[in-house]
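Architecture and fold: a report
Next come the chains, spelled out residue by residue.
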Amino acid sequence: LAVCAERRFPSVTRTRLLDSVARGNMGNACCNNDATTANEAKDNGDAVKAMPNEEMVSKSPEAAKAADIKATKSAITFTIKLQKVPGLRLGVDVDLTDGVCLVVDKVNPGLVEDWNKKNPDKAVQAGDKIISVNGTKGNAQQMTEVCKTDNTLEMAVERV
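Here's a quick rundown of the structure. Given the structure is predicted, the values throughout are model-derived calculations rather than measurements.

With that settled, consider the overall build of the protein chain. When helices and strands are tallied, the protein chain shows six helices and six strands. Listing the helices and strands of the protein chain from first to last along the sequence gives α-α-α-α-β-β-β-α-β-β-α-β. With 160 residues in all, the protein chain has 26% of them scored as buried. Considering only contacts within the protein chain whose residues lie at least 6 apart along the sequence, 60% involve residues at least 24 apart. Carbon and sulfur atoms make up 51% of the accessible area of the protein chain, which amounts to about 10,600 Å² in all.

Here you go:
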């Protein structure tokens, strides 16, 4: 919303933008195809003016990139190794919806829970992302197939 508002009305301040969202006016003013353009608003005398002493919202590409790098640096990655045992399940519920990795929803009784007990410093937990399985990465569906077919599993796990 903020990006849309900044493009359409560069003089809109953060405070005024948040006030507009709180009143439920966003969407009607900038992202709606029927919205009045900035030039039309100026012609009608309806343009929103920046109030003195209010902070302008802007994020340079360099600032956005620096924020992304900081977020990446806070993630830790570790490897777990599991050997399948007949009658024992893998014991992890995962979400495949992002299509790239397996997001751990829940650890259940099974191989992963046993790993966690033996390796508390590398315990897999809800919210972790399995980013590769036996070298397969970038495709969540393929990683689940590897989990089903291979007897030994080496998984790279990322935690933010």
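Having seen the model, we can carry on.
Glancing now at the pattern of salt bridges. As a working rule, side chains carrying opposite charge can pair if their charged atoms are close by. Taken as a whole and assessed by the stated rule, the structure comprises three salt bridges. With a closest N to O distance of 4.0 Å, Glu154 and Lys81 form a salt bridge. Taken together, the residues Glu154 in strand β6 (residues 152-159) and Lys81 in strand β1 (residues 76-83) connect sequence positions 73 residues apart. A relative accessible area of 40% means that Glu154 is categorised as partly exposed. For Lys81, a relative accessible area of 54% translates into the label exposed.

Glancing now at helix α6 (residues 140-149). If you check which residues of α6 are buried, you get Ala140, Met143, Thr144, Val146 and Cys147. Take α6 and look down its axis: the buried residues cluster within an arc of 155 degrees, on one side only. Along α6, the residues that are exposed and aim more than 90 degrees away from the buried face are Lys148 and Thr149. Buried residues along α6 sit against β3 (102-107), β4 (129-133), β5 (136-137) and β6. Of the residues flanking the start of α6, the one acting as N-cap is Asn139, its side-chain oxygen 3.0 Å from the backbone nitrogen of Gln141.

The rules behind the values
Residues numbered from 1 in each chain as written. Predicted model: local features only at pLDDT ≥ 70, side-chain atom pairs only at ≥ 80, totals over all residues. Heavy atoms only, no water. Helix = DSSP H or I, 4+ residues; strand = E, 2+ residues; numbered from the N terminus. Buried < 20%, exposed > 50% of the residue type's maximum accessible area, 1.4 Å probe, protein only. Contact = heavy atoms within 4.5 Å. Areas by Shrake-Rupley, 256 points an atom, 1.4 Å probe, with all protein chains shown as cover. Salt bridge = Lys/Arg side-chain N within 4 Å of Asp/Glu carboxyl O. Arc of directions from axis to C-beta. Polar contact = N/O pair within 3.5 Å; in protein donor to acceptor, adjacent residues only side chain to side chain.

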